[in-house]
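# Geometric and topological summary
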Amino acid sequence: MPTWFCSREWFYHVGKFDEGGKGVPEDLLFFYKHIQKGGEVVRVNHCLLLYRYHPQAATHSVLEETIWNHRVRFLEDRVLSSWTSFTIWNAGKQGKKLYRSLSPANRKKVTAFCDVDEKKITRGFYTFEESEERPKPKIPICHFRDASPPFIICVKLDLTGGAFETNLNMLNLKEGVDYYHFN
């Protein structure tokens, strides 16, 4: 779980936590306000804090869908609003879920899905069955080497024994310009 901290002065500048009650991801919303007000993030690659699990923790009242929806809206506002087109890296469950969660305007910007799974690539396209459009939108699926940036990457890091990271590094892309992780 990521841990973040800031000075009290910055905390007051950003504003209070959203005390909307049970089920509100107040820490996530505060973090997004921090970013929107020009706050920075610095990654520290070692444990700073140990969390203790207990069944009564408030975090259990926040639905996964609520967090997902906030994350997608933030992605759309901060990244996709300035892109004219992009590729979703992952033609599997997470990539398709992201596609379906996007606003109609941002779904139209998706030029392709890319993947390494030959079965998905051979299928050739993803049909958005829930769409009311006729004909239903069909988004091509290609190998990652044949895809064009920018990318929204829906692949978790450290799950493939380094294979995904090697593939990404081979493309010589710049994070925050050519791609963003969304996982």
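Residues numbered from 1 in each chain as written. Predicted model: local features only at pLDDT ≥ 70, side-chain atom pairs only at ≥ 80, totals over all residues. Heavy atoms only, no water.

## Some points on the side chain of E76
We apply this condition: Under the scheme used here, helices are H or I runs from DSSP no shorter than 4 residues and strands are E runs no shorter than 2 residues, and both carry numbers assigned from the N terminus. Relative accessibility decides the category of a residue: with a 1.4 Å probe and only protein chains considered, values under 20% of the type maximum give buried, values over 50% give exposed, and everything between is partly exposed. When checking whether two residues touch, look at their non-hydrogen atoms; a contact exists if any pair is within 4.5 Å.
Structurally, E76 is set in helix α3 (residues 64-78). Residue E76 is classed as buried on the basis of its relative accessible area, which comes to 7%. Discounting residues that sit within four places of it in the chain, E76 has contacts with S81, L102, S103 and N106.

## Some points on the packing of aromatic side chains
Definition in use: A pair of Phe, Tyr and Trp rings is counted when the ring centres sit within 6.5 Å of each other, with Trp represented by its six-membered ring. The angle between the planes then sorts it: under 30 degrees is stacked, over 60 is edge-to-face, the rest tilted.
The final tally for this structure, using the stated rule, is 14 aromatic pairs. Their ring planes at 70° and their centres at 5.8 Å tell us that F11 and Y12 sit as a pair that is edge-to-face. Residue Y12 is classed as exposed on the basis of its relative accessible area, which comes to 56%. Aromatic rings pair up to connect W89, F144, F151 and F164 into one cluster.

## Overview of the nonpolar core
Where we set the bar: Among buried residues, those of type Ala, Val, Leu, Ile, Met, Phe, Trp, Tyr and Cys that are joined through side-chain atoms within 4.5 Å constitute a nonpolar core.
Among the nonpolar cores identified, the biggest contains 22 residues, and L98 and I152 are the most heavily contacted of them. Elements with a minimum of two residues in this core: α3, β1 (86-89), α4 (93-101), β2 (110-115) and β4 (138-143). At 3 residues, the largest contribution of residues to this core is made by α3. Setting aside its immediate chain neighbours within four residues, L98 contacts W68, V72, L75, I88, I152, C154 and F182. Judged by nonpolar contacts, the second largest core, of 12 residues, contains C142, I153, V155 and L168.

## Quick look at the domain arrangement of the chain
Where interface size is quoted, it is often the accessible area lost as the parts come together. For clarity, the cut-off: The domain boundaries here were taken from an automatic or database domain assignment.
Taken domain by domain, the chain comprises domain 1 (8-61) and domain 2 (84-181). Look at where the C-alpha atoms of domain 1 and domain 2 centre, and you get two points 29 Å apart.

## Points about the sheet that holds strand β5 (residues 151-153)
Basically, it comes down to this: Strand pairing is assigned whenever DSSP detects at least two bridges linking the two strands. Here an axis means a line fitted to C-alpha atoms, over the contact stretch when the element is a helix, while the angle between two N-to-C directions is reported on a 0 to 180 degree scale.
Taken together, the 6 strands give an open sheet; going across it, the order is β3-β4-β2-β1-β5-β6, and neighbouring strands pair in mixed fashion. Two strands lie at the open edges of the sheet, namely β3 (125-127) and β6 (179-181), each paired on one side alone. Put simply, the sheet's adjacent strands are angled 25° from each other on average, direction ignored. Across 3 bridges, the pairing between β2 and β4 is parallel. Bridge pairing links C114 to C142 in β4.

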